Structures are given as structure tokens and as C-alpha cells.
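# Structural description and commentary
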Amino acid sequence: MEEEIRLGPLPAEVVEYTPPPEEEAKDRGWVLVALIRLLSALIVGGAVFYSTEGLVFMIVLFILIVPVEKLFPRHKGQKVRRPLYKLDVSYALSSPLLNLVGLIAAGIVAIISFAWIPGLLIRPLVDEIPVQWMPIVGFLIFDMIGYWTHRFYHEIPVLWKFHAVHHSTEHLDWVSGFRAHPFDGTLIAPAFIFLIAAGFSPEITGVFAIFQIILGLLLHANVKFRFRWLHPFVGTPEMHHWHHSNENDAVWTNYGVALPLWDQVFGTYYMPKDKRPSVYGIDEHIEPNMIDQLLYPLWQIGNPLNIIRHPFRSIGVGFRFYWNLMKKMKWVIFRPRGMKPPM
Ligand SMILES: [Zn+2]
Ligand SMILES: [Zn+2]
């Protein structure tokens with residue numbers, strides 16, 4: 001407790017958050033419901049027209065994972081057609097389009113994050129690393145930055161709204177990992193540009209990123225294997241299922257994807273021997289349709305037309321946002337171990 005006081009409370013909100021109107025959500029007219037369905041269908045249709053990659057990837061995952069889930073289910077009664085499976089299938093089909101939008105945002109974030117400056121600064125040190133060690137060192141740095149990025153997405157309220165969409169699922173299985181906001185993950189872009197500026201090859205760094213995404217999808221599977229002997233060394237479904245658990249002890253834990261090492265080192269590792277995760281999801285309400293979910297974190301940003309209307313003021317707001325974000329990141333890095341979200 002003493003430490004908490006010394007560190008001070010969680011810094012003030014980056015931008016005032018205005019929650020979407022709840023009353024409206026409960027009592028929607030048929031016009032709005034029809035419009036939401038139409039827009040969702042347009043996104044899914046447009047995405048499949050743009051690329052069938054999401055469809056193919058989904059079929060591969062279905063063939064590989066669903067039989068294993070059927071034979072060795074972690075949650076026995078859970079069917080393939082469980083609640084909201086259509087929503088997650090829509091995300092899977094839309095993934096080529098959503099990823100494209102995410103990639104454009106990531107490019108902008110990578111440049112304005114200035115993460116390439118420290119990358120360039122450590123380049124002489126990286127040049128000293130023997131060539132054969134480069135992939136291993138690169139992987140360790142990438143995975144550690146991935147850990148911190150994920151932690152920032154959970155512990156900084158303004159970022160959490162983006163990641164909350166992924167955590168809104170109450171059923172984990174072969175397709176649930178697809179449910180994610182396209183801007184959830186843009187923060188990994190600074191890690192990417194940092195490594196490339198430091199002298200790691202873009203191809204290898206790209207392979208790390210793809211590996212993380214595929215492994216991340218597999219970790220959501222509804223399978224009963226614990227892989228207990230693997231727990232200390234690599235991320236397992238059990239570890240990620242705890243990450244999705246809504247139990248107080250499990251909140252703000254298990255941020256690692258490939259390696260549990262960072263959770264162990266930075267004090268967020270949670271793998272009780274005598275318990276298994278059972279309840280997933282979050283307390284806040286997020287409407288169970290793609291349009292509302294894509295808009296969910298954007299309400300806090302305010303009217304984007306303000307950039308045109310008040311360009312100079314917007315630059316000031318942007319700088320304040322960046323400065324506050326840095327302050328919050330510092331708070332997250334130095335917060336006491338084992339701390340839970342402030343109520
Ligand atoms: Zn998470
Ligand atoms: Zn997940």
C-alpha cells in the first residue's frame with residue numbers, strides 16, 4: 001500500500017471518455033438493427049471480395065482444431081455453434097480488410113512513435129552480435145516488447161477500450177481469437193520499427209510477427225491438455241485461458257504469448273496448480289455486433305473533423321495525448337507487482 005501512495009494514483013484519463021449511450025443500445029428500432037446488419041454484411045462481403053485469405057485460414061483452423069476440441073474439450077458442453085460464434089466467424093472472414101486498416105494505422109503509429117530513434121542509437125551494439133545469434137536475440141526482444149505492449153493495452157484505460165473487444169468473448173475456441181479491433185495491436189508497430197532501425201532484418205521480424213499471430217490464435221482453443229511440463233517455458237492454452245479469465249486473481253496476468261518468461265520476470269505470472277480457468281469475459285458491456293465493437297473504442301477519441309476545424313489545437317491535443325501516454329506507460333512499468341485494476 002505504501003508503495004502505491006508513493007507512486008501516486010493512476011494518471012488522469014488521456015482524453016475524457018464518453019460511454020456510448022446505453023439506453024439506446026437496449027431499445028433499438030428495427031431500422032438501426034437492419035442498418036447494423038447491412039453494414040456488417042458489407043464489411044464481410046467486401047473483405048472476402050478483397051481477399052479469401054481469412055476464409056482459407058479459417059477453414060484450415062477448423063479442420064485442424066475442431067476435431068481436437070471435439071475429442072478433448074476443456075469445456076465439455078460447449079458446441080461449435082456456441083453463442084456469438086457467427087460474430088467471430090464474421091471477424092475471421094473480415095480479417096484481410098481489418099488487417100489492412102490496422103496495417104495503415106500501424107504504419108502511422110510506427111513513424112510518430114519515434115521508436116526508430118532508440119533503434120538507431122543501439123545499432124552499433126547490435127552490429128557486434130554474431131550473425132547466427134541475431135534471430136534468437138531479435139526474437140527475445142520482440143517477444144518482450146510484445147509482452148509490454150499487451151500489458152499497456154490492459155493497464156492504460158484509453159488503450160484498454162481497443163483491447164476490450166478481444167476480451168469481450170465469453171467462449172474460447174478455434175475461432176474466438178479472431179475477435180479483435182483492427183487498432184488493437186498497432187502498438188506492436190513501434191517494436192517492429194525499433195528492431196528494423198536497430199539492424200534486424202525486416203523478413204525475420206515479419207516472421208516473428210506472423211508466428212505470434214498464429215500462436216495467439218491457437219492458444220484460444222477449447223482443449224483440455226494442460227501441457228504442464230511446458231508451463232515454465234512456453235505459452236500454452238491454459239496460460240492464455242487464465243489471461244481471459246474474469247476472476248480477480250487472474251486479472252492483469254499472463255500477458256506473454258510465446259514465452260512466459262516476461263510474466264515471471266515482471267511479476268504477472270499466474271498459473272495455479274489446483275485450479276483451472278472457467279469464466280471468461282469482462283464486466284463492461286460491449287454490444288455483440290461488429291459495427292458497435294469497431295466503434296466502441298473510437299467514442300473516446302471525439303470528432304475526427306476537429307482536426308480540420310482546429311488544426312493547431314489538434315496538434316496541441318496530440319502532443320498532450322502522447323505525453324500522457326508516456327507518463328502512463330511509466331506508471332505501468334513501475335507499478336507494484338501483483339497490483340489489480342483500481343475499482
Ligand atoms: Zn489481453
Ligand atoms: Zn486472447
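When helices and strands are counted, the chain shows 16 helices and zero strands. In terms of overall size, the chain behaves like a compact globule, its C-alpha atoms giving a radius of gyration of 21 Å where 343 residues would be expected to give roughly 20 Å. A buried classification covers 31% of the 343 residues belonging to the chain. Relative to all contacts within the chain whose residues are 6 or more apart in sequence, the contacts with residues 24 or more apart total 78%.

We note that Phe 114 has phi near 60°; this positive angle belongs to a residue other than glycine. Positionally, Phe 114 belongs in the loop between helix 5 (85-112) and helix 6 (116-121). Unlike most non-glycine residues, Asn 254 shows phi in positive territory, near 50°. With respect to the helices and strands, the residue Asn 254 is situated in the loop between helix 12 (237-244) and helix 13 (261-266).

Here we come to the packing of helix 5 against helix 10 (residues 188-198). Across the interface, helix 5 lies against helix 10 with an axial gap of 8 Å and an inter-helix angle of 60°. What the angle tells us is that helix 5 and helix 10 run oblique. Every pair of crossing elements has a handedness; the one defined by helix 5 and helix 10 is right-handed. Where helix 5 approaches helix 10, its residues Ala 106, Gly 107, Val 109 and Ala 110 are matched on the opposing element by Ala 189, Pro 190, Phe 192 and Ile 193.

Turning our attention to the nonpolar core. Within the largest apolar cluster, 41 residues are counted, with the highest numbers of intra-cluster contacts made by Ala 92, Ala 189, Ala 191, Phe 192, Ile 193, Phe 194 and Leu 195. Broken down by secondary-structure element, the contributors of at least two residues to this core are helix 4 (53-71), helix 5, helix 8 (134-155), helix 9 (157-167), helix 10 and helix 14 (290-295). Excluding its chain neighbours within four sequence positions, the residues that come into contact with Leu 195 are Gly 119, Gly 138, Ile 141, Phe 142, Phe 200 and Thr 205.

Each pair of packed helices gets described by two things: the angle between the helix axes and the distance between those axes. Look at helix 8 against helix 11 (residues 202-218): their axes get within 10 Å of each other, and the N-to-C directions meet at 50°. Between helix 8 and helix 11, the crossing angle belongs to the class labelled oblique. The chirality of how helix 8 crosses helix 11 is right-handed. Between helix 8 and helix 11, the residues in contact are Pro 135, Gly 138, Phe 139, Phe 142 and Gly 146 and Ile 204, Thr 205, Phe 208 and Gln 212, respectively. Here the contact of helix 8 with helix 11 is composed, by residue class, of five nonpolar, four polar and no charged.

Along the chain, Phe 183 falls in the loop between helix 9 and helix 10. Those residues within four positions of Phe 183 in sequence are excluded, and the remaining contacts are Gly 102, Ala 105, Phe 162 and Pro 297.

With that settled, consider helix 8. If you check helix 8, its first and last C-alpha atoms are 31 Å apart, about what 22 residues at 1.5 Å a residue would give, namely 32 Å. Inspection of helix 8 places Gly 138, Phe 139, Phe 142, Asp 143, Gly 146, Tyr 147, His 150, Arg 151, Tyr 153, His 154 and Glu 155 among the buried residues, and these make up the whole buried set.

Glancing now at the confidence of the model for the chain. Summing up the model confidence of the chain, the mean pLDDT is 87 and the portion of residues at 70 or higher is 92%. When mean pLDDT is compared element by element in the chain, helix 13 scores highest at 96, while helix 1 (residues 2-7) scores lowest at 39. pLDDT under 50 marks residues 1-24. Its contacts with residues more than four places away, or in other chains, come to 28 contacts.

Here the focus is helix 12. The buried fraction of helix 12 is high, at eight of eight residues. For helix 12, the set of buried residues is Pro 237, Glu 238, Met 239, His 240, His 241, Trp 242, His 243 and His 244. The secondary structure elements touched by the buried residues of helix 12 are helix 9.

Moving on, we get to the environment of His 240. Note that His 240 resides in helix 12. The buried category is assigned to His 240, around which 23 C-beta atoms lie within 10 Å. Setting aside residues up to four positions removed in sequence, His 240 forms contacts with Leu 219, His 220, Gly 235 and Asn 254.

Note on placement: Val 251 falls in the loop between helix 12 and helix 13. Taking the C-beta count within 10 Å as the criterion, Val 251 has 15 such neighbours and is therefore assigned partly exposed. In this structure Val 251 touches Lys 340 and Pro 341, once residues within four positions along its chain are discounted.

What counts as what
Residues numbered from 1 in each chain as written. Chains lettered and ligands numbered in written order. Predicted model: local features only at pLDDT ≥ 70, side-chain atom pairs only at ≥ 80, totals over all residues. Helix = DSSP H or I, 4+ residues; strand = E, 2+ residues; numbered from the N terminus. Rg over C-alpha atoms; globule rule 2.2 N^0.38 Å. Buried ≥ 20, exposed ≤ 12 C-beta atoms within 10 Å, placed from the backbone. Contact = placed C-beta atoms within 7 Å. Axes fitted to C-alpha atoms, helices over the stretch in contact; angles between N-to-C directions. Parallel < 35°, antiparallel > 145°, perpendicular 65-115°, else oblique. Left-handed = near helix turned anticlockwise from the far one by under 90°. Core = buried A, V, L, I, M, F, W, Y, C linked by C-beta atoms within 7 Å. Nonpolar A, V, L, I, M, F, W, Y, C, P; charged D, E, K, R; others polar. Expected span 1.5 Å × (residues − 1). pLDDT = per-residue confidence, 0-100.

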